[in-house]
Amino acid sequence: MAGVLAVLAVAASMQVLASDKVLNVVWSGGTAGEAERKVFVPEFEKKTGAKVEMKASELALLAQLESMVKVGDTHWDVAELAGGKLEIAAEKGLLEPLDYSLIDPENKLPDMARSKYGVVWGTYSTVLVQNTSKNPKGAVMKSWKDFWNVKAFPGPRSLRAWPQENLEYALLADDVPKADIYKVLATKEGVERALKKLGELKPYIPVWWENGAQSVQLLADGEVFYSTTFNGRVSKLVSDGIPAQIVWNGGALHLAYMGIPKGSKNVALAHEYIKLRVMRPDLGRDYLKYMPYPSFAPGLLDGLPKETIDSLPASPENSELQFVSNTQFWKDNIDRIQERWNEWMLE
Amino acid sequence: MNPWKLKESLLLLPALLLLCAFFLVPNLDVVRSSVFDPDFTTRNLERVLTAPVYFRVFLNTIQISLVVALLGAVIGYPVAYFINAQPRHIQFRLLLLVLIPLWMSILIRSYSWMMLLGRDGVVNALLIQLSVIESPLRLLYTSGAVYVAMLQILLPVQIIASYSAMTEIDMDLIRAARIAGARPSEALRRVFLPLSMDGTITGVVIVFMLSMGFFITPALIGGRRNLMLGNLVMQHVQQLNWGLAAAIAVFMLAATLAVVILIKWLGRGLTRLMV
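Conventions adopted
- Residues numbered from 1 in each chain as written.
- Chains lettered and ligands numbered in written order.
- Predicted model: local features only at pLDDT ≥ 70, side-chain atom pairs only at ≥ 80, totals over all residues.
- Heavy atoms only, no water.
- Helix = DSSP H or I, 4+ residues; strand = E, 2+ residues; numbered from the N terminus.
- Buried < 20%, exposed > 50% of the residue type's maximum accessible area, 1.4 Å probe, protein only.
- Contact = heavy atoms within 4.5 Å.
- Areas by Shrake-Rupley, 256 points an atom, 1.4 Å probe, with all protein chains shown as cover.
- Lys, Arg positive; Asp, Glu negative; His and termini not counted.
- Charge placed at Lys NZ, Arg CZ, Asp CG, Glu CD.
- 1 Å grid on protein atoms, 1.4 Å probe; cavity = no way out; pocket = protein on both sides within 12 Å on 5 of 7 lines; lining within 4 Å.
- Points joined across faces, edges and corners; volume = space filled by probe spheres on them.
- Salt bridge = Lys/Arg side-chain N within 4 Å of Asp/Glu carboxyl O.
- pLDDT = per-residue confidence, 0-100.
- Buried area = accessible area lost by both parts, 1.4 Å probe.
- Polar contact = N/O pair within 3.5 Å; in protein donor to acceptor, adjacent residues only side chain to side chain.
- Nonpolar A, V, L, I, M, F, W, Y, C, P; charged D, E, K, R; others polar.
- Patch = residues over 30% accessible without salt bridge, like charges linked within 9 Å, V, L, I, M, F, W, Y side chains within 5 Å.
- Pairing = 2+ DSSP bridges.
- Phe/Tyr/Trp six-rings, centres within 6.5 Å; stacked < 30°, edge-to-face > 60°.
- Axes fitted to C-alpha atoms, helices over the stretch in contact; angles between N-to-C directions.
- Parallel < 35°, antiparallel > 145°, perpendicular 65-115°, else oblique.

Notes on the overall build of chain A
Part 1: If you tally the helices and strands in chain A, you get 16 helices and 10 strands.
Part 2: Its C-alpha atoms give chain A principal-axis dimensions of roughly 85 × 40 × 40 Å.
Part 3: Relative to its 347 residues, chain A shows a buried fraction of 52%.
Part 4: In chain A, 72% of the contacts between residues at least 6 apart in sequence involve partners at least 24 apart.
Part 5: Accessible surface, chain A: about 15100 Å² in total, of which carbon and sulfur atoms supply 56%.

Take a look at the structure:
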């Protein structure tokens, strides 16, 4: 009897120890989540003995995070905060400040990768993708001007059902230089100018996509011939037999951050995960086999073949062609522009 | 009050507590967040009232919901009648057929409609095969697609509501009407229909209320004009703009209540006209 009790007691205490060392990571689902699980999680578990629980982030990620922080019961330790979420979460006080002496003690990350509440884990782009089999003979789209040219490139198109990036693309097609996009958009007239330009395309856009999976589905189903999508989705299209080709020119380059939710019970362990996630070039290169979203890990591009580098949004050549999406601008202006956008969509 | 009556009403207490904790309090909290952001302000309510986009989406939402609810009654009532007219064991099987789609997730059913109505979807392929059309029709991403899908998703609710009202009807009343000289169609119209009206109207109300909150289906299979209030609430919640999201929700609640009262009132009038 006593023996059984002892075994039970040991088992119970082991349970406590094991559950102490669970790191809850909220990451995007789909192929990106898969790649994370394949590359970084096993290495981290081996190194620390902790277990990683991964949860696919949902549309209302920030709302969930805010209610957890408000109630004072945060059960996430690391969160992916792409697409402007970092700025909102930081402003609302939903994140722990990062300790860079733990993540990057030798100060090797470039400044643009480091911010107080988030560190860049990857760069990705929202780019124009063409189904080349639908192009008129010999023609290839090279710019937003071509996307707007429905005579030279007839056929249905799709864009994301929100104003971000779309207004930028429209201004680029309307001859605004890359450097001035956000200056123009800061004025009411600038927004109207972009919407007017987008209005030219309205009849040719049967559907506005809501999420990344849908955007490539539309191309795969032949529902549209041309669409924007995330560069990481394109290789799947190609491997499915769709002759999809990226137009890097005028694409929107995004920095994707990760951070630590306020009140995380594993702040130290979370820092360790982040360090492994953003600083290890070997793992970073491994990750690129699955997802073309490179980090700023020092030495990441060393020894990579040229065609791999050419497929990355942040390669020197590609980043030259694109503009950097200004998430701060969008955080500050989304309310005003979203309302006008909704109105415009209904017109 | 009679002590037994009092004890009897105590039986309601657990249900009341549950409703209070998980329905009343959260709803009041929504109302609170629409005017405290964080200090008292009417800013959010004013914005919903003054920016024209909200009003348009408002009318859109009410229109879609009303059409879906009314079509649901027109299609669901005969189905319920048919089921009710079958022998008991067949009724059970038919009801199961109605219920199975209800157990499937709305998301899955919305995606199924995408497969059916798409440019290269089943419907277009069939029509082209039969030489009815030459090039694919635009079926998906239209208002029509939203109506069809929402109707299909919500129809079981209406059928069940009408059916359960019909099972309560004492068929002797129909016989009595026939003995008193009513033709079969007259007995149906003046006795059976009014008696099943209450449950049917309840079905219309439930379908209407559920429709008002839809946002995934119109986002996935509607066109750009099929924006519903739920979509706007979602947009603001994603930006952690709770005040404005709550303000929209408050107006949505008020409008839903108003239309529900109107439906009930019209339903009662209609029933009276039939007898």
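Moving on from the coordinates now.
Concerning the overall build of chain B
Part 1: Helix and strand counts for chain B stand at 13 helices and zero strands.
Part 2: Reading the helices (α) and strands (β) of chain B from amino to carboxyl end gives α-α-α-α-α-α-α-α-α-α-α-α-α.
Part 3: Along the first, second and third principal axes, the C-alpha atoms of chain B reach 75 × 70 × 35 Å.
Part 4: Relative to its full complement of 275 residues, chain B shows a buried share of 43%.
Part 5: Intrachain contacts of chain B at a sequence separation of at least 6 include 73% that bridge at least 24 residues.
Part 6: Within the structure as shown, chain B displays about 15700 Å² of accessible surface, and the carbon and sulfur contribution to it stands at 72%.
Part 7: Seen as two clouds, the 21 positive and the 12 negative side-chain charges of chain B have centres 5 Å apart.

Digging into empty space enclosed by the protein
Residue and element names in this part refer to chain A.
Part 1: This structure, assessed with the given rule, holds one cavity of 30 Å³ or more.
Part 2: Its boundaries defined by the atoms lining it, the largest cavity holds a volume of some 30 Å³.
Part 3: Around the largest cavity, the lining residues are Leu81, Ala82, Gly83, Gly84, Glu87, Leu255, Tyr257 and Thr327.

Thoughts on the pattern of salt bridges
It is possible for side chains of opposite charge to pair when their charged atoms get near one another.
Residues and elements named next belong to chain A.
Part 1: Following the criterion strictly, the structure yields 27 salt bridges over all chains and no others.
Part 2: Its salt-bridge partner being Lys197, residue Glu200 comes within 3.4 Å of it at the nearest N-O pair.
Part 3: Classification of Lys197 as buried rests on a relative accessible area of 13%.
Part 4: Across the pair Asp240 and Lys236 runs a salt bridge whose closest N-O atoms are separated by 2.9 Å.

Some remarks on the confidence of the model for chain A
Part 1: Per-residue confidence for chain A gives a mean pLDDT of 92; residues scoring 70 or more make up 94%.
Part 2: Contacts for the low-pLDDT stretch residues 13–19 of chain A, under 50 throughout, to residues beyond four places or in other chains number zero contacts.

Considerations on the layout of surface pockets
Part 1: Its volume calculated, the second largest pocket comes out at about 1200 Å³.
Part 2: Surrounding the second largest pocket, 43 residues form its lining, Val237, Trp242, Gly243, Ala245 and Ala246 of chain B being those nearest its centre.
Part 3: Breaking the lining of the second largest pocket down by element, the ones donating at least two residues are helix H3 (61–71), helix H4 (85–91) and helix H16 (327–346) of chain A together with helix H2 (13–35), helix H3 (43–50), helix H10 (184–212), helix H12 (229–238) and helix H13 (242–274) of chain B.

A word on the side chain of Gln130 of chain A
Part 1: Here Gln130 of chain A lies in strand E5 (residues 119–131).
Part 2: Gln130 of chain A sits in the buried class, given a relative accessible area of 0%.

Overview of the interface of chain A and chain B
A common way to report how large an interface is uses the accessible area buried once the components associate.
Part 1: With 31 residues of chain A at the contact, the number on the chain B side is 31 residues.
Part 2: Both sides of the chain A and chain B interface together cover about 2700 Å² of buried area, and 53% of this is carbon and sulfur.
Part 3: Considering only the surface of chain A that becomes buried against chain B, Glu223, Glu339 and Leu346 of chain A emerge as the three largest contributors, covering 25% of it.
Part 4: Where chain A meets chain B, there are three salt bridges.
Part 5: Counting every contact that joins chain A to chain B gives 14 residue pairs in polar contact (both at pLDDT 80 or more).
Part 6: Within the residue set of the side of chain A that touches chain B, elements represented by two or more residues are H3, strand E7 (207–209), helix H10 (212–220) and H16 of chain A.
Part 7: By residue class, the composition of the side of chain A that touches chain B is 16 nonpolar, five polar and 10 charged.

Section: helix H9 (residues 171–179) of chain B
Part 1: Where H9 of chain B begins, the side chain of Asp170 of chain B points an oxygen toward the backbone nitrogen of Asp172 of chain B, at a separation of 3.0 Å.
Part 2: Backbone geometry just after H9 of chain B places Gly181 of chain B at a positive phi near 105°.

Structural notes on a nonpolar patch on the surface
All names here are of chain B.
Part 1: On the surface, Phe92, Leu96, Leu97, Ile100, Trp103, Met104 and Ile108 cluster together into a nonpolar patch covering about 750 Å² of accessible area.
Part 2: If you tally residues by element for the nonpolar patch, the top one is helix H5 (residues 88–103), at five residues.
Part 3: Of note, Ile108 is situated in helix H6 (residues 106–117).

A closer look at helix H7 (residues 166–173) of chain A
All names here are of chain A.
Part 1: Counting buried positions over the eight residues of H7 gives eight, a clear majority of the element.
Part 2: Of the residues making up H7, those classed as buried are Asn166, Leu167, Glu168, Tyr169, Ala170, Leu171, Leu172 and Ala173.
Part 3: Just downstream of H7 lies Asp175, where phi reads positive at about 70°.

A few points about the pairing of strand E6 (residues 157–160) of chain A
The side chains of a regular strand alternate between the sheet's two faces.
Residue and element names in this part refer to chain A.
Part 1: Here E6 shows a buried face lined by Arg157 and Leu159 and a second buried face lined by Ser158 and Arg160.
Part 2: Relative to strand E8 (residues 226–230), E6 runs parallel, the two sharing two bridges. Pairing of Arg157 across the sheet is with Tyr226, part of E8.
Part 3: In the sheet, E6 pairs with E7 via three bridges, with the strands oriented parallel. Across the sheet, residue Leu159 finds its bridge partner in E7, namely Trp208.

Here we look at the packing of aromatic side chains
Part 1: In total, this model carries 20 aromatic pairs over all chains according to the counting rule given.
Part 2: When the centroid spacing of 5.1 Å and the interplanar angle of 80° are considered together, the rings of Phe44 of chain A and Tyr273 of chain A count as edge-to-face. Taken together, the residues Phe44 of chain A in helix H2 (residues 30–48) and Tyr273 of chain A in helix H12 (residues 267–279) connect sequence positions 229 residues apart. The two residues Phe44 of chain A and Tyr273 of chain A agree in class, both being buried.
Part 3: Between Phe36 of chain B and Phe40 of chain B, the aromatic rings sit 5.6 Å apart at their centres with planes inclined by 70°, giving edge-to-face as the arrangement.
Part 4: Relative accessible area serves as the criterion here: at 40%, Phe36 of chain B is assigned to the partly exposed category.
Part 5: Pairwise contacts between aromatic rings join Trp144, Phe147, Trp148, Tyr169 and Phe323 of chain A into one cluster.

Some words on the side chain of Arg277 of chain A
Part 1: You can see Arg277 of chain A is positioned in helix H12.
Part 2: Under the relative-accessibility criterion, Arg277 of chain A is labelled buried at 2%.

Digging into the environment of Asn249 of chain A
Residues and elements named next belong to chain A.
Part 1: Relative to the helices and strands, Asn249 resides in strand E9 (residues 244–261).
Part 2: Accessibility expressed as a relative area gives 31% for Asn249, which makes it partly exposed.
Part 3: Residues Asn249 and Gln322, spaced 73 residues apart in sequence, show a C-alpha to C-alpha distance of 5.7 Å.
Part 4: If sequence neighbours within four positions are ignored, Asn249 has contacts with Lys142, Ser143, Trp144 and Leu321.

Details of the packing of H6 of chain B against helix H7 (residues 122–129) of chain B
All names here are of chain B.
Part 1: In the contact formed by H6 and H7, the axes pass within 4 Å of each other and the chain directions differ by 20°. With respect to each other, H6 and H7 are oriented roughly parallel. Counted together, Met115, Leu116 and Leu117 of H6 and Val122, Val123 and Asn124 of H7 form the full contact between these two elements.
Part 2: Class assignment for the residues of the contact of H6 with H7 results in five nonpolar, one polar and no charged.

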